[in-house]
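Architecture and fold: a report
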Amino acid sequence: MSLKLRLMASITASLLLTLLLGGAALFWQARSMAQNEITASFRVTEHALRVTLASDVQHKVTVRQVIASIDGHRNLRAYLFNEKNQVVAASRLGQGTLHAPGWFTAMIAPPPLSVRIPLPLPGFPCTLLLQSDPANQAAQIWQFVRDAFGAMLLFCATALVFVWLIVGRSLRFFSRFQSGLRNIAERDYEARLAPEGGPD
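Computed from a predicted model, the values in this text were never measured in an experiment. (Residues numbered from 1 in each chain as written. Predicted model: local features only at pLDDT ≥ 70, side-chain atom pairs only at ≥ 80, totals over all residues. Heavy atoms only, no water.)

**Quick look at a nonpolar patch on the surface**
For clarity, the cut-off: Patch membership requires more than 30% relative accessible area and the absence of a salt bridge. Residues of like charge join within 9 Å; the nonpolar side chains Val, Leu, Ile, Met, Phe, Trp and Tyr join within 5 Å. All accessible-area figures derive from a Shrake-Rupley calculation using a 1.4 Å probe, and residue coverage is judged against the displayed protein chains alone. Basic side-chain nitrogens of Lys or Arg form a salt bridge, by our definition, when they fall within 4 Å of a carboxyl oxygen of Asp or Glu. In DSSP terms, a helix is any run of H or I states spanning at least four residues, a strand is any run of E spanning at least two, and both are numbered starting from the N terminus. Relative accessibility under 20% of the residue-type maximum defines a buried residue, over 50% an exposed one, and the middle range a partly exposed one, all with a 1.4 Å probe and only protein chains included.
On the surface, a nonpolar cluster with roughly 480 Å² of combined accessible area is contributed by Phe177, Leu181, Ile184, Tyr189 and Leu193. Turning to its location among the elements, Leu181 is positioned in helix 5 (residues 172–185). Residue classification places Leu181 among the partly exposed positions, given a relative accessible area of 46%.

**Focus on the environment of Ala135**
Its location among the elements puts Ala135 in helix 4 (residues 135–170). Taking the C-alpha atoms as reference points, Ala135 and Leu76, 59 residues apart in sequence, are found 9.8 Å from one another.

**Concerning the sheet that holds strand 4 (residues 124–132)**
Keep this limit in mind: Pairing between two strands is assigned when DSSP locates at least 2 bridges connecting them. As a rule, the C-alpha atoms of each element are fitted with a line to give its axis, helices using only the stretch in contact, and angles between N-to-C directions run from 0 to 180 degrees.
Here four strands make up an open sheet; going across it, the order is 2-1-4-3 and the pairing antiparallel. Whereas interior strands pair on both sides, the edge strands pair on one side only; in this sheet they are strand 2 (87–90) and strand 3 (114–121). Going across the sheet, the axis of each strand differs from the next one's by a mean of 20°, ignoring polarity. In this structure, strand 3 lies alongside strand 4, joined through eight bridges in antiparallel fashion. By the bridge assignment, Val115 is partnered in strand 4 with Leu130.

**A closer look at the pairing of strand 2**
Summarising the sheet, strand 1 (residues 76–81) and strand 2 pair through three bridges and their orientation is antiparallel. Considered in strand 2, the bridge of Leu80 is made with Ala89. Here strand 1 folds back onto strand 2, and the loop between the two strands holds five residues, one of which, Asn85, carries a positive phi near 65°.

**With respect to the confidence of the model for the protein**
Stated formally: A residue's pLDDT is the predictor's confidence in that residue, given on a scale from 0 to 100.
Confidence in the prediction of the protein, expressed as mean pLDDT, is 81, and 92% of residues score 70 or more. Within the protein, the element-level pLDDT minimum falls on helix 2 (residues 60–68), averaging 70, and the maximum on strand 1, averaging 88.

**Section: helix 5**
For clarity, the cut-off: Each residue after the first adds 1.5 Å to the expected span of a helix.
Over its 14 residues, helix 5 runs 20 Å from end to end, which matches the ideal 20 Å to within 8%, given 1.5 Å per residue. Looking one or two residues past helix 5, Arg187 carries a phi angle of roughly 65°, positive in sign.

**Comments concerning the pattern of salt bridges**
Here the structure, examined in full by the defined rule, presents five salt bridges. Across the pair Arg43 and Glu46 runs a salt bridge whose closest N-O atoms are separated by 3.4 Å. Note that Arg43 and Glu46 are positioned in helix 1 (residues 3–56) at a spacing of three residues, about one turn of the helix. Note on Glu46: relative accessible area 13%, which makes it buried. Residue Glu46 is joined to Arg50 by a salt bridge in which the shortest nitrogen-to-oxygen separation is 3.2 Å. Taken together, the positions of Glu46 and Arg50, both in helix 1 and four residues apart, correspond to about one turn of that helix. Counted as one network, the salt bridges with shared partners bring together Arg43, Glu46 and Arg50.

Put into structure tokens, the structure is as follows:
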């Protein structure tokens, strides 16, 4: 393998390692962001629901209104179960325009969060279930990770092209030098090399 190819192989390996480390750091940051966002959103909403239900709920219409208030939430779903454990009302998850691959969602999402809040209403005993849903958060972070990793990949590819050109220009003298040594090995003692190139 020529000196140029050995240098390029070393530089390529270094850039690939940098890309892998950068990707790992990016993934760790994305996972931390998703878990913090979903967990904080869940805890705040759970607290708000408990306060509302404890102080304001008198009948099922009000409970349905509480369920409806969570409609369009990015990270949470709420369900109202009757005494027969049947869903009588459910909130709708806010729909984003992007979707993350399932494997990515599974890797960055926190463990599922859920809580059941019993509501012993007169004549209508029911249970409110609050659950986390990481789909929208994962889709948002997937776009961020994809774009950031794409930018790093583009940078590495551009750097390799420039390095290839610079190394090729820097080592051009050595190919002439090799040719001169070959001439001498073939007993062509009249061969001359022009005094040019780098100071080395």
